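# What the coordinates show
Okay, here's what each chain looks like letter by letter:
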Amino acid sequence: MRRLVTPYALAFFLMILVPVTLTSQITTSPYSIFGLGILEGNSSGLSRAMGGTNIAFLSENAINYGNPASYDGLDSLLTIFEIGVFSKYSMFQTSHNNQSLLNANFRYMSMGFRIAPWLSTSFGFTPYSSVGYRINSTAFLEGTSIEYPKTYIGNGGVNRVYLGGAVSFIKNLSLGVNASYLFGDITHIEASEIYEFSLEDITYLSNFTFNYGLNYQVDVNDWKYNVGFIYSDGKKLNTRNTTTIETKYEKEVLKSRKYRYSIPRTVGAGLSVRKDFFKAGVDYEWSNWEEVDFSSTYLHTRNSNRISAGVEFPSQGLRKGSSRMILFRFGGEFRESYMVIKGVPIDYRAVSMGLGLPLKGVVSVVNATLEFGQNGTMKRDLFRENFVTLSLDLSLRDLWFRKRQYN
Amino acid sequence: MKGIGEGKKGRQILLLIVLGVVLIGSCTKTNEFTIGKDFMAPETRLEVVDTFRVDISTILVDSIITSSKKIAYVGNYEDTIFGLISSRSFFDLDYELFGEIEEKAVYDSAAFILNYTSKNFGDTLYPMSVSVHRMTELIVPVNKTALFNTSSFDYEPEPLSTVVFLPEPNGQDTSVNIAVNAFGEELFNMIRSKDEKVSSEELFRDYIKGFVLTSGSVVNHAILGFNANPERLVLKLFYHVNREEPEEKEITVKMGDAGRQFNKIDFDLSRTPLAGIRENKNEVPATLTGNKAFMQGMTGLYVKCSFPTVQNLMAGERWKILKAELIVEPEKYSYEKFELPDSLYLYAGDKRNNMSTLRDGKGLQLRALFEFDDYLHENNRYTFDITDFMLNELADSYFNPDQSLILGLAMTEQGGRFERLIVEGRRPPVRLKLYYLSY
């Protein structure tokens, strides 16, 4: 009984505590000044190790919230709780300057289990997008030749809590849906310490959204071929805005501004192949960002494309399935992001590798992932980000229902 | 279960952690990060405007309180800027129950003892002539509260005594004595004979009335400030008692209540740029006085600044004042002979030039310290932070053009100092500098 209580008490505690304490500032990147900020993607640390590839993968030993149909792959006896954190070191490069930043934060938390032979579920919390920057600039004291320091600060982002389910009435075909609630706030501040003023613009955002998924499996001998589809509709986010101007002497809430924030319609498809402990997959995802307008001077949107591929295989020489088996993962990803800054498209490319380390004790698996990537370009006075991300996901598993039967 | 760092897997994790720590060490500090600043669309603009029209003028306030300042000014001084200024100081004596004087006592002499202070005005290198006159009426404060630079009371035209001396305000002698032997003998005898006139305060004051220190008819080159603390401005009667060894004794009669000690200031502006000030409702615009304005403590001259164009600022809607400064520049080299006041104070003035004190955030009267640019004398200035004042004035989105700011000495010092200031500089000599944020 004690072994039962400990991990789940911990899991529930974290589920409640983390979103409350989290200010959801994950990104520290000047790119996050635009729109909703940096999109955090739809994949756990484990998927990241395979280039974020996850559309056609079933949730077997790990929860794949990227495609809700995947929950159908959850083991009927296993309850999985996962939590992921990451640390990212970014070097920003312009044609004449190099600056670097480090930040570490929470990536996701989720729980999944099977309710009935035809129904399985998952729920969790993940950031959808995040804004985080602090950029030191200068401005002229107009009427003089004096320049004074001015700081632009942004923080916040959009979080997502989801509750999903997958059903399977026809063998090898599963359908799933995630009902998500998006909520958060994005703050942009323009301030001067010397002249003691700040203009703070906070936008509170929220709405419900649904993502749908399908997975179909074809078995050929020992090989399992899966095809997956995902779809989510575009949605306007409800916004409420407050702009406050504050000086040493006065503070005034200005008229609310009108900001339009939306998330785009997204479709994706993936293929995977699997045998024993080997699996590989490819993804393609398209988002209709063109219909989203952030009304920014510098930013224009285009439809985004993402392709990725990944592979996972076990360590050699050990008996497959043994408790000491290590899983290796490799992947790559290329994204034509939705951002076009000053007419220059911002593309993202990364390669990744990871390890799945089995452990004894409360934590059953540690997934460690390293990603090396590049974002943006130095063309037209833009800046390029070279980054290394270390992700750590902890997976807590227990034979919850079986234990209960024994009680 | 293995501990962290044990085994192959443990070592790999440890390696990653170490890598992470190394990376932290090489990061740009957040307050130095600048990449991305070109994509910021500023929504605020900070502007400085100091081209507001500031009209300045010299105003004359007729009555400045000069009583209770504990300083007795006597003398006169003339220059072409502030004209002829002369000061007389009125005071009376304190009554106390005089003791017994022995039969054998022999009167010697009597003198008023005047102690120097550092507050002198003019040229103290010339000999000074100071007379003491006996008053013929009592000093009575106006409304029982105060006496002014214009107050006056009758006194005997013939002085009791006159002393001519070379002033040494910073020398060894700390005092000047004015002998009043005849008067002293009269008082000595009255005390000895227990005359009715020295038996009570009322009769004593009626008998003595008071004294005035004047320059007589002499032209002096300075106005000296003597200590007028009751303990320090005294009349001393000297006598001795004949015994085997003569025993020297003295009676000290202190100055009366400080509230009845005041300085009467006469000044003649007829040969100065301010000649017509009285005929012109006590105000002369700087445009008529060579773009200069004049301030002096005890003569009641103040510099008035008004801002006829500030109202135009209201045209725009979305702005906030971050800082407002009033910058006052003294005329170059005008401070070579007369030191400028260390601090200047600000008053708010209305249409009729009625003044009220302005206070800073700490509740103290708003003031500015003198900043001296001893290299080129280009940046000598007093800078007032008048942000609070401007915010208050603009709170109703209207700046009353009759509202002015008036420069003077501290309220408590205006009637106790001769310090002066001539405002001039790069035009305009007084600037209103507004830092405002539009958004």
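Residues numbered from 1 in each chain as written. Chains lettered and ligands numbered in written order. Predicted model: local features only at pLDDT ≥ 70, side-chain atom pairs only at ≥ 80, totals over all residues.

## Concerning the overall build of chain A
Summing up its helical and strand segments, chain A has three helices and 20 strands in all. When burial is assessed residue by residue, chain A has 43% of its 407 residues classed as buried. (Helix = DSSP H or I, 4+ residues; strand = E, 2+ residues; numbered from the N terminus. Buried ≥ 20, exposed ≤ 12 C-beta atoms within 10 Å, placed from the backbone.)

## Remarks on the overall build of chain B
The helix and strand inventory of chain B stands at four helices and 25 strands. For chain B, the C-alpha radius of gyration of 32 Å lies well beyond 22 Å, the compact-globule estimate for 439 residues. If you line up chain B on its principal axes, its C-alpha atoms span 120 × 70 × 40 Å. Evaluated residue by residue, chain B yields a buried proportion of 38% over its 439 residues. Taking contacts inside chain B between residues at least 6 apart in sequence as the whole, the part at least 24 apart equals 80%. (Rg over C-alpha atoms; globule rule 2.2 N^0.38 Å. Contact = placed C-beta atoms within 7 Å.)

## Some words on the pairing of strand β24 (residues 420–423) of chain B
Residues and elements named next belong to chain B. Alternating positions in β24 separate into two faces, Arg 420 and Ile 422 on one and Leu 421 and Val 423 on the other, with burial throughout. With four bridges connecting them, strand β16 (residues 293–296) and β24 associate as antiparallel partners. The partner of Met 295 across the bridge, within β24, is Leu 421. (Pairing = 2+ DSSP bridges.)

## Observations concerning the interface of chain B and chain A
Facing the 37 residues of chain B at the interface are 41 residues of chain A. At the level of elements, α1 (7–25), β1 (45–49), β18 (319–328), α4 (387–394) and β25 (430–438) of chain B are the ones that each hand at least two residues to the side of chain B that touches chain A. Grouping the amino acids of the side of chain B that touches chain A by side-chain chemistry returns 20 nonpolar, nine polar and eight charged. (Nonpolar A, V, L, I, M, F, W, Y, C, P; charged D, E, K, R; others polar.)

## Some points on the nonpolar core
Ala72(B), Val303(B) and Leu326(B) are the most contacted members of the largest nonpolar core, which totals 104 residues. Counting residues per element, this core draws most heavily on β25(B), which supplies six residues. Looking at this core, you find at least three residues from each of domain 1 (47–61 + 282–438) and domain 2 (71–266) of chain B. Beyond its immediate sequence surroundings of up to four residues, Leu326(B) is in contact with Cys305(B), Phe384(B), Ile386(B), Leu405(B), Val430(B) and Leu432(B). Within the second largest apolar cluster, 22 residues are counted, among which are Tyr31(A), Phe34(A), Phe92(A) and Ile35(B). (Core = buried A, V, L, I, M, F, W, Y, C linked by C-beta atoms within 7 Å. Domains from an automatic or database assignment.)

## Regarding the sheet that holds strand β13 (residues 247–254) of chain B
Residue and element names in this part refer to chain B. Overall, antiparallel pairing links the four strands, which are arranged β9-β5-β12-β13 in an open sheet. Bordering the open sheet on either side are β9 (175–179) and β13, each of which pairs with just one other strand. Sheet twist, expressed as the average angle between the axes of neighbouring strands with direction ignored, equals 30°. Sheet topology note: the strand β5 (residues 105–115)/β9 ladder contains five bridges and is antiparallel. If you follow Leu 114 over to β9, its bridge partner there is Val 176. (Axes fitted to C-alpha atoms, helices over the stretch in contact; angles between N-to-C directions.)

## Quick notes on the domain arrangement of chain B
All names here are of chain B. Partitioning chain B into domains gives domain 1 (47–61 + 282–438) and domain 2 (71–266). Just the C-alpha atoms count here: the centres of domain 1 and domain 2 sit 40 Å apart. Between domain 1 and domain 2, the contact holds 11 residues from the first and 10 residues from the second. Mapped by element, the contributors of at least two residues to the side of domain 1 that touches domain 2 are β16 and β24. A breakdown of the residues in the side of domain 1 that touches domain 2 according to their chemical character gives four nonpolar, five polar and two charged.

## Quick look at the pairing of strand β18 (residues 344–358) of chain A
All names here are of chain A. Pairing analysis gives 12 bridges linking strand β17 (residues 327–341) to β18, with the strands arranged antiparallel. Paired with Glu 336 across the bridge in β18 is Asp 347. Hairpin remark: β17 followed by β18, antiparallel, with two residues in the connecting loop; positive phi at Lys 342, about 50°.

## Points about the confidence of the model for chain B
Residue and element names in this part refer to chain B. Mean pLDDT over chain B: 86, with 91% of residues reaching 70 or higher. Per-residue pLDDT, averaged within each element of chain B, yields its smallest value for α1 (57) and its largest for strand β10 (residues 211–214) (95). Reported confidences for the modelled complex are a pTM of 0.77 and an ipTM of 0.71. (pLDDT = per-residue confidence, 0-100.)

## Looking at helix α2 (residues 181–192) of chain B
All names here are of chain B. For α2, with 12 residues, the first-to-last C-alpha span of 16 Å sits near the 16 Å given by 1.5 Å per residue. Inspection of α2 places Gly 184, Leu 187 and Phe 188 among the buried residues, and these make up the whole buried set. Around the axis of α2, the buried residues are gathered within 105° of arc, so they sit on the same side. For α2, the exposed residues set more than 90 degrees away from the buried face come down to Ala 182 and Asn 189. Buried residues belonging to α2 abut β5 and β12 (234–241). Remark: Lys 194 follows α2 within two positions and exhibits a positive phi of approximately 55°. (Expected span 1.5 Å × (residues − 1). Arc of directions from axis to C-beta.)

## What to know about α4(B)
Residue and element names in this part refer to chain B. Among the residues of α4, Thr 387, Phe 389 and Met 390 are the ones counted as buried. All buried residues of α4 fall inside an arc of 165° around its axis, so they share one side. Buried positions along α4 lie against β18 and β22 (381–385).

## Quick word on unusual backbone geometry
For residues other than glycine, phi is negative in most cases, and the peptide bonds are mostly trans. Even without being glycine, Asn221(A) reaches a positive phi, approximately 55°. Examined against the element boundaries, Asn221(A) turns out to sit in the loop between β7 (197–220) and β8 (223–232). One non-glycine residue, Lys194(B), lies in the positive phi region at around 55°. Residue position: Lys194(B) is located in the loop between α2 and α3 (201–208). Under the C-beta neighbour-count criterion, Lys194(B) is labelled exposed, with 12 such atoms within 10 Å.

## Notes on the environment of Val241(B)
Residues and elements named next belong to chain B. Secondary-structure assignment places Val 241 in strand β12. By C-beta crowding, Val 241 is classed as partly exposed, having 15 other C-beta atoms within 10 Å. Distance in space between the C-alpha atoms of Val 241 and Val 106 is 6.1 Å, their sequence separation being 135 residues. Each residue touching Val 241, except ones within four places of it in the same chain, is listed here: Glu 102, Lys 104, Ala 105, Glu 247 and Lys 249.

## Observations regarding the environment of Glu424(B)
All names here are of chain B. You can see Glu 424 is positioned in the loop between β24 and β25. The class for Glu 424 is buried, based on 22 C-beta atoms found within 10 Å. It is 49 Å that separates the C-alpha atoms of Glu 424 and Ile 208, two residues lying 216 residues apart in sequence.

## Considerations on the confidence of the model for chain A
Residue and element names in this part refer to chain A. Summarising the model, chain A shows a mean pLDDT of 84, and 88% of its residues fall at 70 or more. Here residues 1–5 scores under 50 on pLDDT; set against residues more than four positions off or in separate chains, the count is two contacts. Segment residues 19–25: pLDDT under 50, and 14 contacts once partners within four positions in sequence are set aside and those in other chains are kept.

## Quick notes on the environment of Pro341(B)
Residues and elements named next belong to chain B. Position of Pro 341 among the secondary structure elements: in the loop between β18 and β19 (343–349). Taking C-alpha positions, Pro 341 is 27 Å from Phe 91, a pair spaced 250 residues apart along the chain. Setting aside its immediate chain neighbours within four residues, Pro 341 contacts Leu 409, Glu 419 and Leu 421.

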